[in-house]
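A closer look at the structure
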Amino acid sequence: YYNNNNIDKADENYRSVAKLTRTEPGAEAKYYIANILFSKGKYLDAQQACFDLSNQVPSYEYWVAKGFIILAETYSKLGNDFQAKSTLQSIIDEYSVQDDGIIIEAQKKLDEISQPR
């Protein structure tokens, strides 16, 4: 549904998966829930979804990092570029996997936020 731009149906399915499992597919579902909320301009709800993802046990570093990138974007949209930059910098500094694109994505977002508006 997500790839076919049926966002509401995708959201419904991701929420079902997130409720049913605390495994990696559940973490991925929580990430997509946050992403959908962000895309709808529901920044505070997206932030809460990111925090829910980061508090999931067991934690799945890739999906948590992806969620923190969304979290940084919500901060920026809400006018808190300092927090956005700090969040992205923490990913760049602390994320342990070097070759899955997370650090590159975080750096790109940091560069975008750091540009004069």
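The structure this text deals with has already been given above.
Quick caveat, the model's predicted, so the values are computed rather than measured.

1. Quick notes on the environment of Ala49
Counting through the fold element by element, Ala49 comes out in helix α3 (residues 43-54). Considering only alpha carbons, one finds Ala49 and Tyr32, 17 residues apart in sequence, at a separation of 9.3 Å. If we ignore the near neighbours within four places in the chain, the residues touching Ala49 are Ile33, Ala34 and Leu37.

2. Some words on the packing of aromatic side chains
Applying the stated criterion to the full structure yields eight aromatic pairs. Seen in terms of ring centroids, Tyr2 and Tyr14 are 6.2 Å apart; in terms of plane orientation they differ by 65°. Their pairing is edge-to-face. Placement of Tyr2 in the segment before α1 (7-20) and of Tyr14 in helix α1 is noted, with a sequence separation of 12 residues between them. The exposure class of Tyr2 is partly exposed, given its relative accessible area of 26%. Look at Tyr14 and you get buried, because its relative accessible area is 19%. Measuring from ring centre to ring centre gives 4.8 Å for Tyr62 and Trp63, while their planes differ by 85°; the resulting arrangement is edge-to-face. In this structure Tyr62 comes out as partly exposed when scored by relative accessible area, which is 29%.

Rules and cut-offs
- Residues numbered from 1 in each chain as written.
- Predicted model: local features only at pLDDT ≥ 70, side-chain atom pairs only at ≥ 80, totals over all residues.
- Heavy atoms only, no water.
- Helix = DSSP H or I, 4+ residues; strand = E, 2+ residues; numbered from the N terminus.
- Contact = heavy atoms within 4.5 Å.
- Phe/Tyr/Trp six-rings, centres within 6.5 Å; stacked < 30°, edge-to-face > 60°.
- Buried < 20%, exposed > 50% of the residue type's maximum accessible area, 1.4 Å probe, protein only.

Don't take any of this as a statement about function, it's just geometry.
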